[in-house]
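Chain and residue survey
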Amino acid sequence: MATDSVVYIHFLLVTCLVGQGDIVTAVSCDGIDACRCRYSDGRGVVDISSIGRLDGKPTFADEMDYNGNFYSYNPCFPLSLGNCRDAAVCKRSGSDYVDVGLQSKTTWSYNGYYPVVTYTSDSGKKTDVILYCDQKYTTAQLDVIGESIPNVVSMSMWSMCNCPNTCKHIDPPSSSEGLTVGSIMLIVFFCLLFVYFVGGMVFNYTRTKTGGKEIIPNFNFWTALPGLILDGFRLSWDFVCRRNKGEYNNV
């Protein structure tokens, strides 16, 4: 088939590039994380974090390869589609998706001309994305080749961010949201309550030199408090019942 021939020719070209790169240069682009790699020759850092989305959706959704299969890809940050969770690349399978590469299993390499980021799935499938540096592409574009060889999906992405020291790094959202106002108020309340009781007990013991319940600060108030609360509930309940029942005059 013509599409198979195109895929095979692309695979040969990629193989040639990798082979020439090994012979001509020893330059590498060493991975820093899932978003960045650093050139070993001092050219700088390639950072694709600004291309990825932070909301769990793909930057490139349902891109069709040369054989009619559909793939979704999100650089740098995890995406989730159906049963494809926390992935970098998802392949549409019927009405669902399967992962063909995880963000947590990202490796970087260099083919002699451009960096290559590889994502591996738990099942062993891989997706290779060649990062073409082109300053004209202010908006990234993706070309999905498909499976050049079994279980290896090939993609090419053009972007100015694939050039070293071009795009600003974006950090992933923090997993910790911090303490809410209510949480802080509860912490302060219980701390003050602790200081009140412990401080009061120490003060009363020092003053009276006695033990037992007498050293508890305002002991009589605290023992009466449950009864006072219950009386308050009863009073409120009686008021509501009388209000709902209403008063009617005989006609």
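I will try to describe carefully the structure that is included in this document. (Residues numbered from 1 in each chain as written. Predicted model: local features only at pLDDT ≥ 70, side-chain atom pairs only at ≥ 80, totals over all residues. Heavy atoms only, no water.)

Let's shift gears to the overall build of the protein chain. Scanning the protein chain from terminus to terminus reveals three helices and 14 strands. Across the protein chain, every contact between residues at least 6 apart in sequence was considered, and the portion connecting residues at least 24 apart equals 44%. Summed over all atoms, the accessible surface of the protein chain reaches about 15800 Å², with 60% contributed by carbon and sulfur. (Helix = DSSP H or I, 4+ residues; strand = E, 2+ residues; numbered from the N terminus. Contact = heavy atoms within 4.5 Å. Areas by Shrake-Rupley, 256 points an atom, 1.4 Å probe, with all protein chains shown as cover.)

Taken together, F194, V195, V198 and V202 make up a surface patch of nonpolar side chains, about 380 Å² in accessible area. Relative to the helices and strands, V198 resides in helix α2 (residues 181–208). (Patch = residues over 30% accessible without salt bridge, like charges linked within 9 Å, V, L, I, M, F, W, Y side chains within 5 Å. Salt bridge = Lys/Arg side-chain N within 4 Å of Asp/Glu carboxyl O.)

Let us look at the environment of V129. Tracing the sequence through the fold places V129 in strand β12 (residues 126–133). Residue classification places V129 among the buried residues on the basis of a relative accessible area of 0%. Sequence-wise, V129 and I145 are 16 residues apart; in three dimensions their C-alpha atoms are separated by 9.9 Å. Setting aside residues no more than four positions away along its own chain, V129 makes contact with Y73, P115, V116, V117, Y119, M155 and M157. (Buried < 20%, exposed > 50% of the residue type's maximum accessible area, 1.4 Å probe, protein only.)

Under the counting rule described, the total for this entry stands at five disulfides. Paired by a disulfide, C29 and C37 hold their sulfur atoms 2.0 Å apart. With the S-S bond torsion at 75 degrees, the cross-link from C29 to C37 turns out right-handed. Each member of the pair C29 and C37 is classed as buried. C35 shares a disulfide with C76; S-S distance 1.6 Å. Across the S-S bond of C35 and C76 the torsion is about 65 degrees, and the bridge reads as right-handed. You can see C35 sitting in the loop between β1 (29–31) and β2 (36–39) and its partner C76 sitting in the loop between β5 (70–73) and β6 (79–81), a full 41 residues away along the chain. Overall, C35 belongs to the buried group, its relative accessible area being 7%. Judged by its relative accessible area of 5%, C76 falls in the buried class. For the protein chain, the bonded cysteines pair up as 1-3, 2-4, 5-6, 7-9, 8-10 when numbered in the order they occur along the sequence. (Disulfide = S-S within 2.5 Å.)

In this structure, S80 sits in strand β6. By relative accessible area, which is 25% here, S80 ends up partly exposed. Placed 18 residues apart in sequence, S80 and V98 show a C-alpha to C-alpha distance of 9.9 Å. Apart from the residues within four sequence positions on either side, S80 is in contact with G56, R85 and D86. A distance of 3.2 Å separates a polar atom in the side chain of S80 from the backbone nitrogen of D86. (Polar contact = N/O pair within 3.5 Å; in protein donor to acceptor, adjacent residues only side chain to side chain.)

To continue, consider the packing of aromatic side chains. One pass over the structure, following the stated rule, counts eight aromatic pairs. Clustering of aromatic rings is evident, with ring pairs tying together F60, Y73 and Y119. Taking NZ or CZ as reference, R43 lies 3.9 Å from the ring centre of Y39, over its face. R92 extends its terminal NZ or CZ atom over the ring of F70, reaching a point 4.4 Å from the ring centre. (Phe/Tyr/Trp six-rings, centres within 6.5 Å; stacked < 30°, edge-to-face > 60°. Lys NZ or Arg CZ within 6 Å of the ring centre and 35° of its normal.)

Turning to the pattern of salt bridges, a few remarks are in order. Inspection of every chain in the model, using the stated rule, returns seven salt bridges. With a shortest N-O distance of 2.8 Å, D41 and R43 are connected by a salt bridge. On the basis of relative accessible area, R43 is assigned to the partly exposed category, the value being 38%. Two residues, D55 and R53, come together in a salt bridge whose shortest N-O distance is 2.5 Å. Given the relative accessible area of 44%, D55 is considered partly exposed.

On to the side chain of S72. Position of S72 relative to the elements: it lies in strand β5. Within the local environment of S72, its side chain forms a polar contact with the backbone nitrogen of D62, the two atoms lying 2.9 Å apart. For S72, the contacting residues outside a window of four places in its chain are P58, F60, A61, D62, L79, L81, A88, V89, C90 and Y97.

All right, on to the sheet that holds strand β8 (residues 89–93) then. Two pairing modes exist for strands in a sheet, parallel and antiparallel, and in both the strands are linked by backbone hydrogen bonds. Overall, antiparallel pairing links the four strands, which are arranged β4-β5-β8-β9 in an open sheet. In this open sheet, the two strands that pair with only one neighbour each are β4 (60–64) and β9 (96–99). Strand-to-strand twist of the sheet, defined as the mean angle between neighbouring strand axes without regard to direction, takes the value 30 degrees. (Pairing = 2+ DSSP bridges. Axes fitted to C-alpha atoms, helices over the stretch in contact; angles between N-to-C directions.)

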